[in-house]
Every structure is written in structure tokens, then in C-alpha cells.
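This is what each chain is made of:
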Amino acid sequence: MNHWVMDYETLKTCFVGVFTHYKNSDMTKVFAVCKYKNDIEEFLDFLKDNIRHGEWHISFNGLNFDAQITQFILVNADHLRAMDPEVIALRIYEKAQDCIDRSNRKDFQEWKEKEIPIKQIDVFKLNHWDNPAKRSSLKWIQYSMDWDNVQDMPLHHNHEIQSPSELDSIISYCINDVLSTMKIMELSQSQIKLRKTLTDTYGINLYSASEPRIAKELFLHFLQESTGIRKWDLKKGRTYRGIITVKDIILPSIKFTTPKFQALLKQFNELIINPNETKNAFHAELNYRGVNTHFGLGGVHGAKSPDVYTAEEGMTIMSSDVTSFYPNLAIRNKWAPAHIPKEAFCSRYEWFFDERRKIPKSNPLNYVYKIILNSTYGLSNDVDSFLYDPEFTMKITINGQLSLMVLYEMLAETIPGCIPLMQNTDGVEIIIPIKYKEKYLEVCAEWEKIMDLELEHDEYQKLILADVNNYIAVHKWKEIPMDKYEDLKENPHNALKIEKGIAYFAKTKCKGRFEFQDLALHKNKSRLVIRKAIFHHFVNGVDPEEYLDNNRNIFDYCSGAKSRGSWRFHEVQIIAGDVYRTPLQKTLRYYISTKGSKIIKVNTEDQREIQTDSGRWLQHVYNTHEETKWEDYGINKQFYLNAINKELKNITPYNFDNQTSLNF
């Protein structure tokens, strides 16, 4: 079967379509319509063959753009045939602008997915990059994938094509976009296979569905089965609330013994929430056992001051997380959005949890049930969701943080010599004497009975803590066979050592700005070399300067930057005393260099200027990757070393000796 990864470029006087076989990048078809080339007949024949043979189109944001263009061309095929090529291009261009305008207005496109005869896979929607929190352009994803060519459109869409060479530049650009979309498709293979399985199983087209949409559609499917209520009627359901009186939703099991936590509970009991104005509507904090802990409507977080916390001899760092915390709060307490039949919702929600526990993690269904369990809480706070009921949301978030504090207080008041380190949303980390480990587990078991929840426990030997959202946790060393050493070395997150001929291994967990492996593509992975150097310094004892000398991956030194609104990037060079400014594209990849230029952002409305990196540092634009000798890149090692040392000093200021390493 032939399926096609594709992309369109729509200029005022030129239309280009590129299609590459989804399994063979050498098999590429290019169609152009302009005054230098008119492939409209061949293109229409190709599209009709796609329909006839059931061939799919795979695109980036295709459902809201490329597929709409395709359908417009098919519907208007006879009219377009009779036009001059430049008029054809203009009509397609006008439709493209209509698609963009509709998207900007958040209006529906002209054709729904089910009305388009060529089936679609949209990797943009599949990865949920249309979500405001994850919104990413193809250029940004190219940067995130270390794509060789992070290129913006070489000509403005209003530009009138003046030569065959300009046409070639557009075709080349379009091919680059198609090949990078193909790479995204390859990286999304497991997700595409999962969506195919779900589509085939439930008869719902989920090929381009984000995870929240999968949760929404499947929960609807199962609720219809359980209640007998039609999906259409379920979709219309919402529970709108004027106020939420918090004392009425706090669980009776929430009880404290210390004055500080009793005062906190009193604050919550006096709280009345307007569900339409929850942002920054409530904040409380308390300092207990040396940890400053913050509370809001969304959750709890607290941590000791930045430091490296090590389990010295006779001590251990216990980490305890609540199993599926938010879903289980709803399941165990029989909570449901008020407009949905309670028994049907609760029994089905619990069924998802129980079924997931029976299924191995390697089974895709395990992942599907995880999506449903975790997304339901978020959907209950989304006014566009059929699960919307803000009281359901508040029951979970408020009782979640308070019940976690019950555990925190019980442990701190019961375990002699304990040192609380951190609490965040669904778990706690505490240093305790090893001799009290059984007592610790007994207290946890008592809390599990009180709250009707379950805890999962880990032990750490070290916690490198910047703050509650940014840390590195190192599990306890385990002896391993020597022949496993090299295999485990392949995972850069593993800690490994050999002592007296015996091999040891420890898992690690990196969070926030210390994450460096398998980052989600929408996240900013700028200057990974800094994160990696910090990790290897704290975990493996590698001197940062030595690490920089050995890391020869140019992409690890690169930063990504995007200009938005009225801001534009410019490159500033001083040559023989004269200043030269060159406009740059909207998405940049660059690194700090000993022989570069200055990159600034200029506001086109008021001419304000901002340096991308303040100070004396020079940047080298690196949108096109070229292999060369390492010294020819001109990496400014001192910049990266300074950034590493700054982070090290933030974590352990009193141990910092202003050199390239720390002693602790």
C-alpha cells in the first residue's frame, strides 16, 4: 500500500505540493503550479489515485490546512482546470488564507475530517502540539529533533515568483519540511499503531487524536454502554457552579495533631471558591520541620533549601508516592461529575484502574487506561468537556494536598531523627535512620487504611535538590554481573561504578531543568551539555571542564529561540568599524562562539532591542548542520563552564570554591 507524507506551500502566484512515500524517502512526487510549471492535471490524477487506492496523507497540521486545500482542489477541479496557472495558484492561496484566518479565530474549518475522502494522519494533532501549553511549529520540532536544516520559508507568501530558481528554492524548502515530518512520523510509530488498534477496536477514528481526546472519546464510548445514554446527549452535559464551599467537600478523614496543620485546615474550611476565577485565588504556606510548603487550589509543593542530601551511614532517603493519586481519590470516595450518573461513572472509572493493574506495561491497553485515568481529572476542569464540574476538580486537588500532609505529619511526628526533604503533589521524600524503616512502613500502612489509598516506596542514596520541581534522585547501589555493565552503560541516566572488581549500578531520576534524555519534542532542550555536565558531576564525580572537553556533540551546545508577535531576530556584526545588521528567521538554532556575532531581538513597533545572551558573549547561527573539525566550530567553552558553575553554586553555595569542581 502507498501512503504519503506530504506538505503544501501556497504563495500568491505559486502552489507547490510534495509527497514522499511513507516507507521510502527516495520515492518523492513534486507538483507545482505557477507561470514556470503547470502540473495541475498530473496533480489531480494523483489525488484521484489516492482516493481510488485508499492511500493516506500524513502531515503536520494537515487537518486544519493541507487536507482543506486538498478538498478545495478536488471540489473545484473542473473550474481550476480551465484557469491559467497563476490564477489557479491565486485561488489556492486565497483558500489557504481562509484556513489560516479560521484557525486564528478558532473557527471550524470548512470540511470535517469525516467529509474528506483521503484519510489523514496529522502528527501535529496526534502529539497535541495544538494545545497552548505545548504549541509548537514544525520549525521548533525540527530544532528539537536536531534536524540538519531548520529553515523558514525562503520567500514571503505575498511574493510573486520571478524565476525558475525561486521556484526551486520553494520546492527544496517543501521537501525539507516533508522529510522532517516523515521523521516525526517515525518517532510517533508506537502512538500511530496504538491509535490504529483503538480505531479498529472501537470504530472511532482516533488516528490523529491527542491523548486527552482519546480519553474523552473512549470514556464517552464506555459511559454510553453503561448508562444507555446516547453520546450526543452525554456530550451536552456540564455542571456549572456559582460557588464551591470548601468545608462541604473536605473528607472527614483529614485530621491533624499539630497546631500548624490544624491552622492550615481551618484556612481551607473557611474558603469559598468562585470556580470562574480560580487563578491565584488562594495561597497558604507553612514552615514545618525546616520545609517551607506552599498550598493553592491546584496542589501542594515544598522543599528544603537547595543542597546535595546524602544518606550517610545508618540513614536512608525514603520516597513514597501515592498510586494513581488523583484517580484513586475519586474512585475510593465515589466522586463523579454531578451531571453524570454516579454509579455508572464510578464503576467504570474503577474498572479502568483495575483492568490496568492486570495488564503488563508492554501492552498498549495499559497505556490507554493510564491516559483515561489521568486525563479525567483535567477534563473535569475544562468547560469544553462533557466531564466539566469544577467541584469534582476541587474535591480532588484540595483533599489530595491535605491527605498528603496528613502522611507528612504522621511520619515527621513518629519517626525519630527524620529529616523531611520534599513534598510535591503526590509524594514525599524524607531522610530517616535505617533502623526505623519498618516503623516508617508501618506508619505508611496506617495512613493507607485511613485514606483508603496505596503508596509505592523507593529508596535513594542521594538527592541533588535545586527546588521542588528541579532535582536529581539517585537510587541505592545494586551489585550487578560484570557482563551487564556495558549494556547498562547505554542508558545515560544510569549511574555505574566498579570497586575492587565488583560492578555496581543505580537508577536515577532527573526532573525539570535537569532532564536531558528522551525529552518531549515541544520542550526547550537548549544547552543540554550544561544539564549533562551537572548530572555527571553529581552522580559520577566527573569534573565539568573534563566533561566539556570530552563532549563533542555540537547539538548539545545549541540553543533554540523563537520570535513572537512584533519581535524579530537580527544578526549584528562589526566589520572594519562599520555595523551590519542582517534579519534572521523566526526560529533560530545557535551556540555561543569565540568567533560569532551578536543576535538581538528588535521590536518592529517601537524599535526596542534585547540581546539573546547579555554581555560579551558572541553567538553563531547554526540552522544548517555541517560536520567539521571540532575546533572549527569555535565553541566558547568558558561560557558553558560559567553556566555550569552557576548552577552548581545555586545548589551548594557553601561548598563552592570558584573552581570548576565541587568538593562535598
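Definitions and limits used
Residues numbered from 1 in each chain as written. Predicted model: local features only at pLDDT ≥ 70, side-chain atom pairs only at ≥ 80, totals over all residues. Heavy atoms only, no water. Helix = DSSP H or I, 4+ residues; strand = E, 2+ residues; numbered from the N terminus. Rg over C-alpha atoms; globule rule 2.2 N^0.38 Å. Buried < 20%, exposed > 50% of the residue type's maximum accessible area, 1.4 Å probe, protein only. Areas by Shrake-Rupley, 256 points an atom, 1.4 Å probe, with all protein chains shown as cover. Phe/Tyr/Trp six-rings, centres within 6.5 Å; stacked < 30°, edge-to-face > 60°. Lys NZ or Arg CZ within 6 Å of the ring centre and 35° of its normal. Pairing = 2+ DSSP bridges. Axes fitted to C-alpha atoms, helices over the stretch in contact; angles between N-to-C directions. Salt bridge = Lys/Arg side-chain N within 4 Å of Asp/Glu carboxyl O. Patch = residues over 30% accessible without salt bridge, like charges linked within 9 Å, V, L, I, M, F, W, Y side chains within 5 Å. Lys, Arg positive; Asp, Glu negative; His and termini not counted. Charge placed at Lys NZ, Arg CZ, Asp CG, Glu CD. pLDDT = per-residue confidence, 0-100. Contact = heavy atoms within 4.5 Å.

## Some remarks on the overall build of the chain
- Scanning the chain from terminus to terminus reveals 21 helices and 28 strands.
- Against the globule reference of 26 Å for 664 residues, the chain gives a C-alpha radius of gyration of 28 Å, in line with a compact fold.
- Taken along its principal axes, the extent of the C-alpha atoms in the chain is 85 × 75 × 60 Å.
- A buried classification covers 52% of the 664 residues belonging to the chain.
- Of the roughly 31100 Å² of accessible surface on the chain, 47% is carried by carbon and sulfur atoms.

## Some thoughts on the packing of aromatic side chains
- Scanning all chains against the criterion turns up 42 aromatic pairs.
- Ring plane angle 10 degrees and centroid distance 5.3 Å describe the contact between Phe219 and Phe345, whose orientation is recorded as stacked. Within this pair, whereas Phe219 is found in helix 9 (residues 211–227), its partner Phe345 is found in helix 13 (residues 342–358), the two being separated by 126 residues in sequence. By the burial criterion, Phe219 is buried, and Phe345 matches it.
- Ring geometry for Phe268 against Phe282: centres 4.9 Å apart, planes inclined by 55 degrees, an arrangement best described as tilted. Note that Phe268 is positioned in helix 11 (residues 259–269) and Phe282 in the loop between strand 8 (272–273) and strand 9 (284–288), a separation of 14 residues in sequence.
- Cluster of aromatic residues (ring-pair linked, three or more members): Tyr202, Phe219, Phe222, Phe345, Tyr349, Trp351, Phe352, Tyr369 and Phe392.
- When the ring centre of Trp567 is taken as origin, the NZ or CZ atom of Lys601, which lies over that ring, is 6.0 Å away.

## Section: the sheet that holds strand 26 (residues 598–603)
- As summarised here, the arrangement of the 4 strands in space is 24-23-26-27, forming an open sheet in which the pairing is antiparallel. In this open sheet, the two edge strands, each paired with only one partner strand, are strand 24 (578–583) and strand 27 (609–611). For this sheet, the mean inter-axis angle between neighbouring strands, taken without regard to orientation, is 35 degrees.

## Here we look at the sheet that holds strand 18 (residues 478–480)
- Read from one edge of the open sheet, 3 strands run 18-20-19, paired in antiparallel fashion. Two strands in the sheet have a free side with no partner beyond their single neighbour: strand 18 and strand 19 (495–499). When strand polarity is set aside, the average angle formed by the axes of neighbouring strands in this sheet is 35 degrees.
- Inspection of the sheet shows strand 19 paired to strand 20 (residues 502–506) by 5 bridges, in the antiparallel sense. When the bridges of strand 20 are listed, Ala495 appears paired with Ala506.

## Quick look at the pairing of strand 26
- Burial of strand 26 is extensive: 5 of the 6 residues sit out of reach of the surface.
- Both strand 26 and strand 27 contribute to a ladder of 3 bridges, which runs antiparallel. Its bridge partner lying in strand 27, Val602 is registered against Glu609.
- Hairpin connection of strand 26 to strand 27: 5 residues between the antiparallel strands, including Gln607 at a positive phi of 65 degrees.

## A word on the pattern of salt bridges
- Enumeration over the complete set of coordinates arrives at 38 salt bridges.
- The salt bridge partner of Asp98 is Arg102, with a shortest N-O separation of 2.9 Å. Here Asp98 pairs with Arg102, and both are found in helix 4 (residues 85–104), just 4 residues apart, close to one helical turn.
- The exposure class assigned to Asp98 is partly exposed, which follows from its relative accessible area of 23%.

## Overview of a negative patch on the surface
- Residues Asp483, Glu486, Asp487 and Glu490 make up a contiguous surface patch of negative charge.
- By secondary structure assignment, the location of Asp483 is in the loop between strand 18 and helix 17 (485–489).

## Regarding the confidence of the model for the chain
- Residues with a pLDDT of 70 or more make up 98% of the chain, whose mean pLDDT is 94.
- In the model, residues 657–664 has pLDDT below 50 throughout and makes 22 contacts with residues more than four positions away in sequence or in other chains.

## Brief notes about the side chain of Glu9
- For Glu9, the position within the fold is in strand 1 (residues 4–11).
- Despite its burial, Glu9 pairs with no opposite charge; the closest candidate is Lys139, at 6.6 Å N-O.
- Every residue in contact with Glu9, bar those within four places of it in the chain, is listed here: Cys14, Phe15, Val16, Met153, Ile170, Tyr173, Cys174 and Asp177.

## Some remarks on unusual backbone geometry
- In this structure, Asn280 takes a positive phi of about 55 degrees despite not being glycine.
- With respect to the helices and strands, Asn280 occurs in the loop between strand 8 and strand 9.
- The exposure class of Asn280 is exposed, given its relative accessible area of 73%.

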